[in-house]
There are 2 protein chains.
Amino acid sequence: MERNPPPRVGLAAVAREAGVSTATVSNTLNRPEIVAAATRARVLSVIERLDFVPNTTAASLRTGTNRLIGLVVPDITNPFYSEIAKGVAAAADEQRLGVILCNSQDDPVRELSQLEMLAEQRAAGALVVPITADAKRLARLRSLGTHLVLIDREADDGCSTSIDDVAGGRLAAQHLLSTRGDDFVLVNGSHAIPQCIDRRSGARAALSAAGLEPDDLVEYEVTEMTTEAGVGVARLLLTAAEAGAPLPSGVLCTNDQLAIGIIRGLTQHGVSVPEQVAVVGYGDLAIAADAPIPLTTVEQPKYALGHAAVEMLVAEIRGEQSGHRHSTSVFRPSLVVRDSAP
Amino acid sequence: MERNPPPRVGLAAVAREAGVSTATVSNTLNRPEIVAAATRARVLSVIERLDFVPNTTAASLRTGTNRLIGLVVPDITNPFYSEIAKGVAAAADEQRLGVILCNSQDDPVRELSQLEMLAEQRAAGALVVPITADAKRLARLRSLGTHLVLIDREADDGCSTSIDDVAGGRLAAQHLLSTRGDDFVLVNGSHAIPQCIDRRSGARAALSAAGLEPDDLVEYEVTEMTTEAGVGVARLLLTAAEAGAPLPSGVLCTNDQLAIGIIRGLTQHGVSVPEQVAVVGYGDLAIAADAPIPLTTVEQPKYALGHAAVEMLVAEIRGEQSGHRHSTSVFRPSLVVRDSAP
DNA sequence: ATGAAAGCGCTAACAA
DNA sequence: TTGTTAGCGCTTTCAT
């Protein structure tokens, strides 16, 4: 079982064996068109035979470029982020880039030190889903030198890919409006979260567009956007109904977990969904389709978000000298109609 | 908005500014104890002032070691793998390692090319959740030079971290046996999947241990381990019951999706869970706790699996010359009792 | 305790 | 078309 690793063969060994210079070996790899077909074939066969694996570390040092990019997400376990990561990984594969995954765990300090690590690795750039949009922080990140593309957050100064949450909120509200009327309620997360604000704005915009007063929209704000919180709000709704107020004909939730909680809370108490109350979620996670009553929800192009971010980063890197204008691509969400709100 | 990137300062610039040699700067960074306190302070202040970011690429080239490891998973979107990734990312942070994420998408060809990429990057090693355990393939991977630690699959020749699926199957079966009796059925995935085989073996072992005949265990095998497939099996169970055979008192599923499907299929037809039929899942994904009837299931230490794998890889790398014996650490799953099978 | 200098493996002028 | 050669930025003997 003694298995001393064979001494790594380098460009020089290949060159010697093939009877050419190192430059020619390098060229057959990087610019095959400028080397004679015969030589190329000979070199390639030697490479094969010696099991030569080029050392990109050395190449990076020499060229000053690196085929490595960073991806910083708050929690890779969250389906929203892991879908993004999947899109990033696929695009990176296409571009022959490696992705350094950093899980910031919602900790700004950790996030910063990870960006620092990426800078030390001389990553060509980084895609980050920032924990806080604090402009000062972002400037600091950028000053670390690597190119930055923000995901799921618009950058005033720089590239980003994001989703139009206002449009998503509008879409959901319009659906409820046209199928159920105007007496739906909004179940929202903390107003400290930009996405929650935007979705709410969209819902209000839909109301305005229908000639209604947006301030009449009843909103329940929860601190944790969990299934449990949803069940809690459902109870509130039922209590109010017992006190005489009618149940709303629709509930618009700003994520899927809340919506599932609402449905559970309502159905447990004999209220039927969607007959008595229609429920719309937001996000289209796997749980939406798999729920006991499949969820009508706003689908977010998460994979596309990640995929596009890589392409944007590559464009930014390429355009480094050739002049590059920062850009933002905003994806439009769409409504997926299922049983919970037909 | 013209912002020419400032020319990167290197070790040499720092040395010049601090009036010392590059060796001293390097030493204050890597072996601070051997440089005089006064010099060290001066150098550090210059580093700070010039915003010097060491270039690990160059260091790697020089030392032949790299603070980068690879992580290859079949699908980062799958909660099982993303939990592992989280554990890997955390452990890597602790060890100041970068993690290159590769999503093999269940494609052996892609997996191989990703391992090749890791070899080109001279990653210090790779953690892989292999698509196929084919020994020849693994040998080929190892021959690419980087150290390998397998995750969720035992390596006959090399390091690995895995979960004892036989124990998990036994745990689940024992629970059903002691709370419900011996007339439970097994709903399993394809026998081509080692984990499915192991979980089945565990269930059979539990039967044997109770003095029962393992061959009497009724098993339903599905090709896709989805919620839908679970609903399908539930229907089969109900049809059989109509034909006179009694419903089993328990159902043991080899993943959580199947269990949720079973519950849905049964309850939709008026069968109460757990009163008439107890259902046990496997995996303890988020959906288990969040299900309408919270799921009794076998919890797998996914995070620990990833975390331990990093430590094992580090040990293997360290022990490269100092003699290192390959090891396998096998984690024991545990049973989480919830409402679906109290 | 510090400095001088030789590379790590590769790429890219430039020369032939 | 191919070869020669000078580094990329760092670490590490070996002197001093």
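Right above here is the structure, for reference.
Treat the numbers as computed from the prediction; the structure is a model and nothing was measured.

Rules of the game
Along each chain, numbering runs from 1 in the same order as the chain's sequence is written. As they are written, the chains are lettered A onward and the ligands numbered 1 onward, keeping that order. Totals for whole chains, interfaces and linings use all residues, but because this is a predicted model, local features are given only for residues with pLDDT of at least 70 and pairs of side-chain atoms are given and counted only at 80 or more. Side-chain descriptors were evaluated using all non-hydrogen atoms of the structure, hydrogens and water having been removed beforehand. Relative accessibility under 20% of the residue-type maximum defines a buried residue, over 50% an exposed one, and the middle range a partly exposed one, all with a 1.4 Å probe and only protein chains included. For helices the rule is a DSSP run of H or I covering at least 4 residues; for strands it is a run of E covering at least 2, with both sets numbered from the N terminus onward. Note on pairing: DSSP must find at least two bridges between two strands before they are called paired. Call a crossover right-handed when, viewed with both strands pointing away from you, the route from the first strand across the helix to the second goes clockwise. The superposition of copies rests on a least-squares fit of C-alpha positions from residues with pLDDT of 70 or more in both. Residue contacts follow a heavy-atom distance rule, with two residues in contact if any of their heavy atoms lie within 4.5 Å. Summed over both partners, the accessible surface that disappears when two parts come together, traced with a 1.4 Å probe, is what is meant by buried area. Salt bridges are defined as contacts in which a side-chain nitrogen from Lys or Arg sits within 4 Å of a carboxyl oxygen from Asp or Glu. Think of a polar contact as two N or O atoms within 3.5 Å of one another; within protein, one of them needs to be a possible hydrogen donor and the other a possible acceptor, and neighboring residues in sequence only count if both atoms come from side chains. Gly is put with the polar residues, along with every residue not named as nonpolar or charged; the nonpolar set is Ala, Val, Leu, Ile, Met, Phe, Trp, Tyr, Cys and Pro, and the charged set is Asp, Glu, Lys and Arg.

Undergrad: How would you explain the pairing of strand β2 (residues 98-103) of chain A if you had to name every residue and give the values?
TA: Most of β2 of chain A is tucked away, with six of its six residues classed as buried. Burial along β2 of chain A is two-sided: the face carrying Gly98, Ile100 and Cys102 of chain A and the face carrying Val99, Leu101 and Asn103 of chain A are both buried. When strand β1 (residues 68-73) of chain A meets β2 of chain A, the two strands line up parallel, connected through six bridges. By the bridge assignment, Ile69 of chain A is partnered in β2 of chain A with Val99 of chain A. A crossover connection joins β1 of chain A to the parallel β2 of chain A through helix α5 (residues 79-94) of chain A; in handedness this β-α-β unit is right-handed. In terms of strand pairing, β2 of chain A meets strand β2 (residues 98-103) of chain B through three bridges, oriented antiparallel. Pairing of Leu101 of chain A across the sheet is with Val99 of chain B, part of β2 of chain B.

Undergrad: Outline the relation of the copies chain B and chain A, listing residues and values.
TA: The transform that puts chain B on chain A rotates by 180° and translates by 0.1 Å along the axis, for an RMSD of 0.1 Å. Such a turn and shift between the copies fits a two-fold axis. For chain B, the smallest separation between a C-alpha atom and the rotation axis is recorded for Ile100 of chain B, amounting to 2.1 Å. Comparing interface residues between copies, 100% of those in chain B also lie at the interface in chain A; the contact surface is shared.

Undergrad: Could you give an account of the interface of chain B and chain A, with specific residues and numbers?
TA: Chain B puts 49 residues into the contact, and the matching count from chain A is 49 residues. Overall, the association of chain B and chain A removes approximately 4500 Å² of surface from exposure, summing both partners, and the carbon and sulfur fraction of that is 49%. A per-residue breakdown of the area chain B buries against chain A is headed by Thr57, Glu120 and Arg122 of chain B, which together make up 13% of the total. Run the count over chain B and chain A and you get four salt bridges. Of the charged contacts, one joins Asp93 of chain B and Arg110 of chain A as a salt bridge, the two residues approaching to 3.9 Å between their closest N and O atoms. The interface formed by chain B and chain A includes 14 residue pairs in polar contact (both at pLDDT 80 or more). Of all the secondary structure elements, the ones that give two or more residues to the side of chain B that touches chain A are α4 (56-63), α5 (79-94), β2, α6 (108-120) and α12 (286-290) of chain B. Here the side of chain B that touches chain A gets seven residues from one element, more than from any other, and that element is α5 of chain B. Of the residues in the side of chain B that touches chain A, the class split is 20 nonpolar, 15 polar and 14 charged.

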